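Report on the structure
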Amino acid sequence: MCLAVPAKIIELSGSDAIADCVGNRIQANISLVPEVKLGDFVLIHAGFAITVIDEEEAKKTWKLLEDLDNFNKTNNKVSG
Amino acid sequence: MLDMINRAYKEIARAGQTLGRKMNIMEVCGTHTVSIFRAGLRDALPDCLKLLSGPGCPVCITDQGYIDAVLSLSRRDDCIIATYGDMIRVPGRDGSLEQNTGRGNIKIILSAQDALKLAIENPNKKVLFVAVGFETTTPATAVIAGQALRQGIKNLFIFSNHKLVIPAMEALLSEKNHRIDAFLCPGHVSVIIGSDAYKPIVEKFKRPCVVSGFEPMQIIFAISEICRQLAEGTASIGSVYQAAVTPQGNKTAQKIISESFDIVDGYWRGLGKIGKSTLKLKEKFSSLDAEKQFGIQLALEEDLTGCRCGEVLCGLIDPCDCGLFAQNCTPDSPIGPCMVSSEGACAAWYKYARGKRRS
């Protein structure tokens, strides 16, 4: 339940932001990271940015998400 | 990278040899539980390790009394239930939210903000927000409580069962029969509370606490750091997730939590009543407080018959030790919450390790 995805802030308006996560536009509330600026990378949990992270960290996770996506497309499902 | 993994593996094995016994490491985060199973770490790491899945999944630790109270409100025609997805399948004494969805008033939300939006869009209904989760999720509830108050929203009711991680860890270590040598600490809870928050665990209980993110590599490195400490007989705070976690955590989030909630005693599945472990809205939010507005009295209720989720959550037994596991209790037809939630120990065990047993 405490999953969070990294995303780049691409629009800012008051406490609302739009963030980009591998091409998906995500709405994010930035009340918890008031220091955030346009172009920053953040971790988003349940619609709220919870911390600012560096670009390298974000890209590492994106790569992982991509790998997982590719992995899930393979026939690895556990039946039961 | 392979070199680093090899080194970590050897560190773990060496620690096992030094101690001459199994090392019991508990993860207190459902997302870790799933990562560990999915990556096959339980089988890949040396036999001297025993990984325990602790009370880290909000759905799993929510007590029966709270679930029954939500179910009871879901039968009212004037109520809309706004809940995070996993909660809807948890069985209560009389059905689950999922079984009540025919009424059309159970709404799955992805963000606390959706609950506020539902209230605005449905002015003639009372919207009950099922506010569960640890410190990662709590600040969002605080933010919408503030927004609702400022905007004069009168039909949003927050049923807070937000929990604090540290008191649960302390409660586990205070149990006589516990077998926990160290904790793998949750990544995103720690983003909020900061790694320094684990000081009581290392100082008072002398148990290593190492924060990790969710990549399998990070988890392996965190475990090897824990094992190094165990072999040396030391206990300190470590982190392999510095990219997101600071010693102090997110001060803004901590401030909004402390301004919005009082810390009270609360019930946990398996752990019973834990002092100062649960967050309830402060007096200024009384008009939004579901417990006050609906007159809900929470009491400790017995778990469902035969269900041993409580012992699983405390790391006392493995899911396969429960008589219901994979027999009467399966992900398709769950009895206990650890089988309901995809992040529950029983569900992860069922999906990835059924039929295997490792003592």
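Since the model is a prediction, treat every value here as computed from it, not as a measurement.

1. Focus on the nonpolar core
- Counting residues in each nonpolar core, the largest one holds 145 residues, and the members touching the most others are Ala49 of chain A together with Ala115, Leu128, Phe129 and Ile223 of chain B.
- The dominant element in this core, judged by the number of residues it contributes, is helix H11 (residues 216-232) of chain B, at eight residues.
- Each of domain 1 (1-308) and domain 2 (309-349) of chain B gives at least three residues to this core.
- When neighbours within four sequence positions are excluded, Leu128 of chain B is seen to be in contact with Leu73, Cys79, Ile80, Ile81, Ala82, Phe157, Phe159 and Ala290 of chain B.

2. Details of helix H2 (residues 30-38) of chain B
- Here H2 of chain B lies mainly inside the structure; eight of its nine residues are buried.
- Where H2 of chain B is buried, its residues meet strand E1 (23-27), helix H3 (41-44), strand E2 (49-53), strand E7 (182-185), H11 and helix H16 (345-353) of chain B.

3. Some points on the sheet that holds E7 of chain B
All names here are of chain B.
- One open sheet holds the five strands; their spatial order is E2-E1-E7-E8-E9, and the pairing between them is parallel. The sheet terminates laterally at E2 and strand E9 (237-239), the two strands that pair on one side only. On average, adjacent strands in this sheet sit at an angle of 25 degrees to one another, irrespective of strand direction.
- Strands in contact with H11 are E1, E2, E7, strand E8 (209-211) and E9; relative to E7, the strand with the most contacts, it is inclined by about 155 degrees.

4. Describing the interface of chain B and chain A
- At the interface, 33 residues of chain B touch 22 residues of chain A.
- Going through the elements one at a time, H2, helix H6 (112-121), helix H7 (138-150), helix H9 (187-193), helix H12 (251-260) and H16 of chain B are the ones with two or more residues in the side of chain B that touches chain A.
- Per-element accounting of the side of chain B that touches chain A gives the leading share, four residues, to H9 of chain B.
- Here the side of chain B that touches chain A is built from residues that sort into 18 nonpolar, ten polar and five charged.

5. Concerning the packing of helix H1 (residues 2-19) of chain B against H11 of chain B
Residue and element names in this part refer to chain B.
- Contact geometry for H1 and H11: axes closest at 8 Å, N-to-C directions at 30 degrees. Here H11 runs roughly parallel to H1, going by the angle between their axes. The handedness of the crossing between H1 and H11 is left-handed. Contacts between H1 and H11 pair Ile5, Ala8, Glu11, Ile12, Arg14, Ala15, Thr18 and Leu19 from the former with Met217, Ile220, Phe221, Ile223, Ser224, Cys227, Arg228, Leu230 and Ala231 from the latter.

6. Focus on the domain arrangement of chain B
All names here are of chain B.
- Domain boundaries assigned for chain B yield domain 1 (1-308) and domain 2 (309-349).
- The centre of domain 1, based on its C-alpha atoms, is set 17 Å off from the matching centre of domain 2.
- Taken together, the 32 residues of domain 1 in the interface contact 24 residues of domain 2.
- Of all the secondary structure elements, the ones that give two or more residues to the side of domain 1 that touches domain 2 are H2, E2 and helix H4 (58-61).
- Taken together, the residues of the side of domain 1 that touches domain 2 break down into 16 nonpolar, nine polar and seven charged.

7. Details of the sheet that holds strand E6 (residues 156-163) of chain B
Residue and element names in this part refer to chain B.
- With mixed pairing, the six strands of this open sheet are ordered in space as E4-E3-E5-E6-E11-E10. Strand pairing shows two members of the sheet lacking a second neighbour, strand E4 (106-109) and strand E10 (261-268), which therefore form its edges. Averaged over all pairs of adjacent strands, the angle between strand axes in this sheet comes to 30 degrees, irrespective of strand direction.
- Bridge count between strand E5 (residues 126-133) and E6: seven bridges; the pairing is parallel.

Rules behind the numbers
- Residues numbered from 1 in each chain as written.
- Chains lettered and ligands numbered in written order.
- Predicted model: local features only at pLDDT ≥ 70, side-chain atom pairs only at ≥ 80, totals over all residues.
- Core = buried A, V, L, I, M, F, W, Y, C linked by C-beta atoms within 7 Å.
- Buried ≥ 20, exposed ≤ 12 C-beta atoms within 10 Å, placed from the backbone.
- Helix = DSSP H or I, 4+ residues; strand = E, 2+ residues; numbered from the N terminus.
- Domains from an automatic or database assignment.
- Contact = placed C-beta atoms within 7 Å.
- Pairing = 2+ DSSP bridges.
- Axes fitted to C-alpha atoms, helices over the stretch in contact; angles between N-to-C directions.
- Nonpolar A, V, L, I, M, F, W, Y, C, P; charged D, E, K, R; others polar.
- Parallel < 35°, antiparallel > 145°, perpendicular 65-115°, else oblique.
- Left-handed = near helix turned anticlockwise from the far one by under 90°.

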